[in-house]
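Here is what each chain is made of, one letter per residue.
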Amino acid sequence: MRGSSRSRCVLRRRELRERNVDLVIGRISEPFPHDDLTTEPLYEERYYVVVGAQNPWARSRKVSLGDLANEQWIHMPPNNIISDLISAAFAKQSVPVPQERVASLSMHLRTQLVANAGFITIMPNSMFQFNAKRWGLKALPIDLGIKGRNVSIVTLKHRTLSSVVQVFIEHARLASRQLRQETN
């Protein structure tokens, strides 16, 4: 599915209203102005500058975005909300966004290049927390100043959810509790 983040959100809400899907789990930047949807926040998505454990920057106690300007970066492709947030984080620190050597939406590719090829990326805590140990990843001590975004379950009000969907939601709640505990 291509297009802007805003158009994907509209599409997902339409799918809910047309009862093509039972729920949507996604990042919510602002509250929905619609009173036919129920939003249940699961956790707050935060963003980290991430390197592989073998990367020389992994041992740094003090590092800034400016220090990393000439390193190998893998970014999200342009024209999505995450790329906009990252650009704003660099601008806030008066540092130009480093030229990406690779741009990809694939978190698996991004994680592989960070862990094994010396790349640097910005990663949401949901991906970092569940993959740091497995892939040997390290979050650098850099405050990006990116406002956290709620990851929420969105359902249609007054719609009875099947027992399978209810079990899925309960498992999503359990997984999100682990994320909340590890981030605090």
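Right above here is the structure, for reference.
Basis of the calculations
Residues numbered from 1 in each chain as written. Predicted model: local features only at pLDDT ≥ 70, side-chain atom pairs only at ≥ 80, totals over all residues. Heavy atoms only, no water. Buried < 20%, exposed > 50% of the residue type's maximum accessible area, 1.4 Å probe, protein only. Helix = DSSP H or I, 4+ residues; strand = E, 2+ residues; numbered from the N terminus. Contact = heavy atoms within 4.5 Å. Core = buried A, V, L, I, M, F, W, Y, C linked by side-chain atoms within 4.5 Å.

J.: Give me helix α3 (residues 107-117): which residues, what numbers.
T.: Along α3, the residues classified as buried are Met 107, Arg 110, Thr 111, Leu 113, Val 114 and Ala 115. In this fold, the buried residues of α3 make contact with β3 (47-52), β4 (73-75), β5 (100-103), β6 (121-124), α4 (125-135) and β7 (137-139). Looking one or two places after α3, you find Gly 118, whose phi comes out positive at around 80°.

J.: Describe in detail unusual backbone geometry, supporting the description with residues and values.
T.: At Arg 19, a residue that is not glycine, the phi angle is positive and equals roughly 60°. Relative to the helices and strands, Arg 19 is located in the loop between α1 (5-17) and β1 (24-28). Residue classification places Arg 19 among the partly exposed residues on the basis of a relative accessible area of 47%. The phi angle at His 158 is positive, at roughly 65°, despite the residue not being glycine. Among the structural elements, His 158 can be located in the loop between β8 (149-156) and α5 (163-183). Among the residues examined, His 158 registers a relative accessible area of 82% and is labelled exposed.

J.: So what about the side chain of Asn 55? Which residues, and what values?
T.: Considering the arrangement of structural elements, one finds Asn 55 in the loop between β3 and β4. The exposure class assigned to Asn 55 is buried, which follows from its relative accessible area of 8%. The residues contacting Asn 55, other than those within four sequence positions of it, are Gly 118, Phe 119 and Ile 120.

J.: Give me the lowdown on the nonpolar core, citing residues and values where you can.
T.: Ranked by size, the top nonpolar core spans 21 residues in total, and within it Val 49, Leu 68, Ile 122, Leu 140, Ile 142 and Leu 144 carry the most contacts. Taken together, the elements giving at least two residues each to this core come down to β3 and α2 (81-92). If you tally residues by element for this core, the top one is α2, at four residues. Core analysis: the next-biggest nonpolar cluster, separate from the first, contains twelve residues, Tyr 48, Val 50, Leu 113 and Val 114 among them.

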